[in-house]
Every structure is written in structure tokens, then in C-alpha cells.
Amino acid sequence: MEDKLITLAIHTFEKAQILKTILETEGIEVYIHNVNQIQPVVSAGVRVRIKESDLPHALRIIEDNKWFEEPVEEEVVDTTKKILIPVDFSDYSLKACELGINYASVVDAEVMIMHAYFSPYFPSAIPMGDTLAYHTDEEGSVQHILQRVKVDMGNICDYINQKMESGELPKVKYDFVLREGLPEEEIIAYSKEYRPTLIVMGTRGKSQKDIDLIGSVTGEVIEVNKAPVLAIPENVPFTDLRDARNIAFATSFNQRDLVSFDKFMELVKGLDLNIHLFNISTSRDEWNEIRLTGIHEYLKRQYPEAKISHTVLADGDLLLAIEKFVREEQIDVIALSSYRRNILARMFNPSIARKMLFHTDTALLVIDSHK
């Protein structure tokens, strides 16, 4: 039986070459695709492919290699609350703008609307996931693409200004920024500079095809970024968190979940919400009930004014159990922790946050549990 090739990672050309060298020194055959032959050094979305049988060995190498580790950053104290809203000029990113601006008015925050765009030197065959690619002929230029992006961003600003003038949106301080490069990389990099209180991003919801999921911009930002991310599927019925009534918080009975819950309570301060605790486990046994009850009691003591209840999920498939729970309890938002892991391990062993992102039309609030 032929050993088929699989995509191990999608990187810039430079990172793809480094990964190729690392793997080949360990005896793994590597193939890279989507390289611009005229100007390879500016290629983005380069696919690193290996034989399927080499995958376990490749993952072990990557896990052990320090090149993929994230550097430790110094904490910078900034009391200004900031909302970052990455957009791709789609209808669902407009919904993210409305929700982000409404939330900013509740917490007295400023708003930054961001768009990352590609230059014409990047191959047009790059899988874009949740982002919009501009295609151009050979005579296209960076200036031409940038001009089109500025027009689209101007249209969004006009839309927001009209909504603010009519009273449909609150008047909050906002600005925009344009960045050139891969959307997920630019959003993560800019977030490190801007240090937002919350990132609000639109997604296509459960209708999106599974083949596009690994390269998803929203999924990658959720798993790598330190700032909380609110992912808004296109079919969410509200554009203001004040209209949400029920929010569920997932726990795996880990100490890190308590850290995330403290961050969660800070984010929803000022909102009138019923909080439903549930377990990320489908074993309805005595221990799940005892542990969840214990966490419920602990959180009630920590937050006596909060309206907190708990539910142990039914046995069976986790995603189906969550969907049933969401439907029965009329959940508007699901909140959960995201434990940052090695990038390739994430791609082949997706976290519960990523799985839920593409299997639900419910908004997701994903919070990093690191202190």
C-alpha cells in the first residue's frame, strides 16, 4: 500500500525550510509546496509535507525541539482596557465589530479594528480558512492591494460611524490598523504589541468544511494567543453580550480552570448572566458529580453574588453531549480554558476549544489559563 503524503504544518518559507532541515537530519523525507519560484523568500502558506508513516517520529522530534518553544515575555502593566477586532470584511466580521464595540462600552474600553492582507507575491492557492484573500494578476502591486484594503476598511469605518450616529451602536473610541502577512501570524504578533483585554473574531460556524480547519485563523489565534478570544459564529442571534442570558463554563477539574474562571469573572463583570458549570468529560460517574459539586461550592464562596449552577454531561460523544446541554439550557456563550501547547501537537491533537469552534453555532469565549 502506498504511503501517502500528509501536510505536517503551514508556515512562511523561512520557517518551512528550518523545519525541513530539522526533520531531514533525523532521516525523515520532507516535501515543501506552495513556494513562489520567482521570489521564494517572500512565500507564505508554505506546506511542509511528510509520509504518513513518519508522523509519530516527526511529532516526537518537534516536541523535543526548542526552536518551537515560545519565548518568555516580560509583563507590562497597562490599565487601559482594549478590544482587538480582526476583520476580513465579511458579514460575520461586521457582526464581530458590533459585538466588540457594544462590549467596549460596557467595560469602558477602546477598540482597535485590524486587517491582515497578502501582497501579490504570495501564491493565490494558499488555503485561507476564515480570512479573505485578494487575488491579482502578474502586474498587480502591493500598492494596488493596499489601496483596495484601505477602501474596504474605510467602508467598515463608515458603517460603524453611521451606526454610532444613529444610536444603534454606542460611541466609543476606535481606530484601525493594517498589517501585511499571514493573518494568524500578524494577529498574534500585533496582540503582543497591543495587549488587548479581549479579542473578538467572527467565524463561519458549523457549515465550514473540515478540510479547511487546520489552517483556520481563528483556531490558531485561540490556541496560541494569551489574550482571551471571543469567537462569534455567523449565526449567533445577538450583537451585544448584554442580550446573552446563559453562559456555560467548561471544567476538566484542573487547577488551571480556577485561574481561568477568575479571568472569566473579570471579563463578564457588569453583565447579568446565569453561569452554568459543566464537565469536559462524558463519564457520568460518581466522581464527576462529586468533583463538579465541589467546584460549584468553591466558586459560590468566592463569588457569592454570582448566579452559578452545574450540570454533569450525559455519557457518549462529548460534542453531542455539549450540543444537547447547550440546547436544553439555552446557552448563549460557552467559556473554557485553552492550554497552550506545541504548535504541531495542536494541529494533530486539536484541543477541545478548537473542536468546539467548528462544531457549534454558539459563541465561544476561550481564556488562557496561565497566570
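Some details on the nonpolar core
(1) Moving on: Judged by nonpolar contacts, the single largest core of 56 residues is most densely connected at Ile83, Val200, Leu230, Phe261, Phe264, Val333 and Leu365.
(2) Moving on: With eight residues, the top contributor of residues to this core is helix 3 (residues 91-107).
(3) Moving on: The residues contacting Leu365, other than those within four sequence positions of it, are Leu198, Pro228, Val229, Leu230, Phe264, Leu267, Val333, Ile334, Ala335 and Leu336.
(4) Moving on: Counting 30 residues, the second-largest nonpolar core is a separate cluster that includes Leu84, Tyr194, Val229 and Ala250.

Quick word on the environment of Ala189
(1) Moving on: Relative to the elements of secondary structure, Ala189 occurs in helix 5 (residues 183-194).
(2) Moving on: Accessibility expressed as a relative area gives 30% for Ala189, which makes it partly exposed.
(3) Moving on: Taking C-alpha positions, Ala189 is 9.0 Å from Asn225, a pair spaced 36 residues apart along the chain.

Things to note about the pattern of salt bridges
(1) Moving on: Evaluated as defined, the whole model comprises 11 salt bridges.
(2) Moving on: The salt bridge involving Glu165 is made with Lys171; its shortest N-O contact spans 3.8 Å. An identical accessibility class is assigned to Glu165 and Lys171; each is exposed.
(3) Moving on: Each of Arg179, Glu186 and Glu193 takes part in one network of salt bridges that share partners.

Brief notes about unusual backbone geometry
(1) Moving on: Notably, Asp108 is not glycine yet its phi reads approximately 60 degrees, a positive angle.
(2) Moving on: Of note, Asp108 is situated in the loop between helix 3 and strand 5 (110-117).

Digging into the confidence of the model for the protein chain
(1) Moving on: Per-residue confidence for the protein chain gives a mean pLDDT of 79, with 74% of residues at or over 70.
(2) Moving on: Summarising per-element confidence for the protein chain, the mean pLDDT is lowest in helix 10 (residues 343-348) (48) and highest in strand 4 (residues 82-86) (96).
(3) Moving on: Scored below 50 in pLDDT, residues 209-215 makes eight contacts in the model with residues more than four places away or belonging to other chains.
(4) Moving on: Of the regions scoring below 50 in pLDDT, residues 343-348 engages in 23 contacts with residues more than four places distant in sequence or in other chains.

Considering the sheet that holds strand 11 (residues 307-311)
(1) Moving on: The strand order across the open sheet built from 10 strands is 6-5-4-7-8-13-12-9-10-11, with neighbouring strands paired in mixed fashion. On the outer flanks of this sheet lie strand 6 (174-180) and strand 11, each paired with one strand and no other. Averaged over neighbouring strand pairs, the angle between their axes works out to 25 degrees when direction is ignored.
(2) Moving on: Across three bridges, strand 9 (residues 246-251) lies against strand 12 (residues 333-338) in parallel orientation. Each bridged residue has a counterpart across the sheet, and for Ile247 the counterpart in strand 12 is Val333.
(3) Moving on: On the sheet, helix 5 packs against strand 4, strand 5, strand 6 and strand 7 (198-203) and is oriented at approximately 150 degrees with respect to strand 5.
(4) Moving on: Sitting on the sheet, helix 9 (residues 318-329) touches strand 9, strand 10 (274-279), strand 11 and strand 12, and the angle it makes with strand 10 is about 160 degrees.

Parameters at a glance
- Residues numbered from 1 in each chain as written.
- Predicted model: local features only at pLDDT ≥ 70, side-chain atom pairs only at ≥ 80, totals over all residues.
- Heavy atoms only, no water.
- Core = buried A, V, L, I, M, F, W, Y, C linked by side-chain atoms within 4.5 Å.
- Buried < 20%, exposed > 50% of the residue type's maximum accessible area, 1.4 Å probe, protein only.
- Helix = DSSP H or I, 4+ residues; strand = E, 2+ residues; numbered from the N terminus.
- Contact = heavy atoms within 4.5 Å.
- Salt bridge = Lys/Arg side-chain N within 4 Å of Asp/Glu carboxyl O.
- pLDDT = per-residue confidence, 0-100.
- Pairing = 2+ DSSP bridges.
- Axes fitted to C-alpha atoms, helices over the stretch in contact; angles between N-to-C directions.

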